[in-house]
Amino acid sequence: MKIVVLKFGGTSVGTIEKIKKVTEIIRNYQKKKYKVIVVSSAMKGVTNDLVKKSKEISGNFSDSEYDVLVSSGEQAACSLIAARLIHLGIKSRSWLAWQIPILTRGFHKNSRICQINKNKIVKYLKEGGIPIITGFQGINNDDRITTIGRGGSDASAIMLAKFFKAKRCIIYTDVEGVYTTDPNKLKRAKKIKVISYEEMLEMASLGAKVMQPVSIQDARLNRIDIEVKSSFIKKPGTLITRRSNIINNKIITGITSTYNDAKVTLIGVKDKPGVAASIFRPLSSNSINVDMVVQNISSNGKETDLTFTIKNEDLNKTRKIIVNNKNINFRKLLFEKGVSKISIIGVGMITTPGVTFRMFKSLANKKINIKVISTSEIKISVLIDKKNTKKALTALHKEFKLDK
Ligand code: ADP
Ligand code: ASP
Ligand code: MG
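Residues numbered from 1 in each chain as written. Chains lettered and ligands numbered in written order. Predicted model: local features only at pLDDT ≥ 70, side-chain atom pairs only at ≥ 80, totals over all residues. Heavy atoms only, no water.

Draft legend 1. Up close: the overall build of the protein chain. Per the secondary structure count, the protein chain includes twelve helices and 19 strands. Projecting the C-alpha coordinates of the protein chain onto the three principal axes gives extents of approximately 75 × 50 × 35 Å. For the protein chain, the residues scored as buried account for 51% of the 404 residues in total. For the protein chain, restricting intrachain contacts to residue pairs at least 6 apart in sequence, the fraction spanning at least 24 positions comes to 75%. Across the protein chain, 72 positive and 33 negative side-chain charges occur, with their mean positions spaced 5 Å apart. (Helix = DSSP H or I, 4+ residues; strand = E, 2+ residues; numbered from the N terminus. Buried < 20%, exposed > 50% of the residue type's maximum accessible area, 1.4 Å probe, protein only. Contact = heavy atoms within 4.5 Å. Lys, Arg positive; Asp, Glu negative; His and termini not counted. Charge placed at Lys NZ, Arg CZ, Asp CG, Glu CD.)

Draft legend 2. Spatial organisation of the site of ligand 2. Near ligand 2 you find S41, A42, T47, E74, F136, R150, G151, G152 and S153, and these make up its full shell. A distance of 2.8 Å separates a nitrogen atom of ligand 2 from a polar side-chain atom of T47. In this structure, an oxygen atom belonging to ligand 2 sits 2.6 Å away from a side-chain N or O atom of R150. For ligand 2, the accessible surface in isolation is 260 Å², of which the surrounding protein chains cover 87%. (Near = heavy atom within 4 Å. Polar contact = N/O pair within 3.5 Å; in protein donor to acceptor, adjacent residues only side chain to side chain. Areas by Shrake-Rupley, 256 points an atom, 1.4 Å probe, with all protein chains shown as cover.)

Draft legend 3. Up close: the sheet that holds strand β1 (residues 3–8). The eight strands lie next to each other as β3-β6-β2-β1-β9-β11-β12-β10, forming an open sheet whose pairing is mixed. Every interior strand has two partners, whereas the edge strands, β3 (92–95) and β10 (194–196), have only one. In this sheet, neighbouring strand axes are inclined to one another by 20 degrees on average, regardless of whether the strands run parallel or antiparallel. Note that β10 and strand β12 (residues 238–241) share three bridges and pair parallel. Residue V194 lies in a different strand from β12, and its bridge partner there is L239. In the packing of helix α1 (residues 16–31) onto the sheet, the strands contacted are β1, β2 (35–40), β6 (130–134), β9 (168–173) and β11 (226–230), and the crossing angle to β1 comes to about 175 degrees. (Pairing = 2+ DSSP bridges. Axes fitted to C-alpha atoms, helices over the stretch in contact; angles between N-to-C directions.)

Draft legend 4. Representation of the site of ligand 1 in the model. The local shell around ligand 1 holds 19 residues, among which T173, Y179, D182, N184 and K209 are the closest. Take K7: an N or O atom from its side chain is 3.3 Å from an oxygen atom of ligand 1. K209 places a side-chain nitrogen or oxygen 2.7 Å from an oxygen atom of ligand 1. For ligand 1, whose accessible area on its own is 580 Å², the fraction buried by protein is 88%. Along the lines of polarity and charge, the residues of the shell around ligand 1 split into eight nonpolar, seven polar and four charged. (Nonpolar A, V, L, I, M, F, W, Y, C, P; charged D, E, K, R; others polar.)

And the structure:
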């Protein structure tokens with residue numbers, strides 16, 4: 001069977017008009033003799049609204065009930081798509097994850113798809129039907145509904161492509177593909193024709209919302225090529241594939257920024273083995289995600305300063321945990337909201353010297369102060385004042401010739 005998996009994001013099914021448009025895309029693949037599997041997210045804004053409601057009901061909303069609640073948006077979107085196809089005379093029906101089933105492992109709110117039962121869907125495809133499958137949700141060993149992390153319909157699509165051995169997996173969204181940086185933040189951003197899993201994973205993890213990071217891990221592990229393209233404009237998009245398929249002469253492939261980070265600094269921490277673990281253990285057990293970490297070398301062997309970043313919304317919780325932590329001693333605790341992490345990403349930097357210097361120099365030329373730095377083999381991140389985000393993106397985009 002020549003199977004194609006088509007995934008539509010919330011922006012693509014955000015209105016009734018858009019849903020009608022999406023069904024035209026689906027119909028075209030059927031005309032080209034593909035067996036089409038559709039995955040849909042909830043209509044734009046619906047999931048956010050459900051999350052908001054959960055917070056209003058309880059500051060400590062049950063994780064398993066959260067999954068039942070927030071996964072409900074996908075059900076409505078899938079039914080609307082299926083019913084429109086039926087209206088057009090096409091055989092179609094919606095499938096909730098548990099009806100297939102799509103099995104997941106792991107914790108509520110953050111599960112991973114581990115198995116998809118193919119039987120019912122294969123039978124339905126053979127009968128000429130188009131299954132419209134809810135993204136983002138699954139079912140666990142205890143028959144409880146699970147979700148797979150915000151933006152998770154991307155991963156649903158990749159895993160469906162894997163289990164059904166699809167010829168193509170296409171992610172339809174509201175932009176024309178993956179850009180050198182968020183095209184909604186920088187007009188000059190350019191569409192990338194092809195990008196490696198590794199670079200896309202870094203970009204996604206560092207703020208490029210266009211793809212969910214887990215989905216790229218799944219695609220890389222299973223060698224699934226992903227096409228990202230627009231639901232509204234008929235133009236070639238971006239191919240996400242293995243590195244050996246790519247000839248690229250750019251040093252930097254993309255730039256990302258975050259907008260809701262906060263910086264925490266502990267001054268004069270008593271320096272002894274195990275102190276960093278004592279600071280981070282309670283943060284981790286409270287599900288606070290710590291990102292950049294810098295520790296100064298202590299000049300006298302007794303005290304050190306430690307800085308790290310977290311999400312803004314975790315600031316109050318973090319403050320309480322540190323202040324109540326009996327296992328650490330420090331002189332002063334500082335917090336700074338309104339910081340942004342800017343990252344440049346590219347496999348080209350492995351073989352090109354001087355990239356770090358060029359990044360720092362171009363920020364210095366714009367009088368942008370760097371607060372924290374962190375690097376990996378294919379990315380360099382700096383923390384700056386949030387108000388300088390656009391200026392930094394513009395300068396770096398130009399410095400690394402991404403405008404061209
Ligand atoms: P969907 O509803 O289709 O899942 P998302 O909102 O999750 O769409 O992702 C699309 C958005 O990702 C775009 O509207 C864009 O603003 C944002 N984005 C961030 N970084 C990038 C990038 N490098 N390339 C393309 N889009 C990006
Ligand atoms: N509707 C879910 C969310 O908003 C999943 C997705 O969009 O992929 O996170
Ligand atoms: Mg998305």
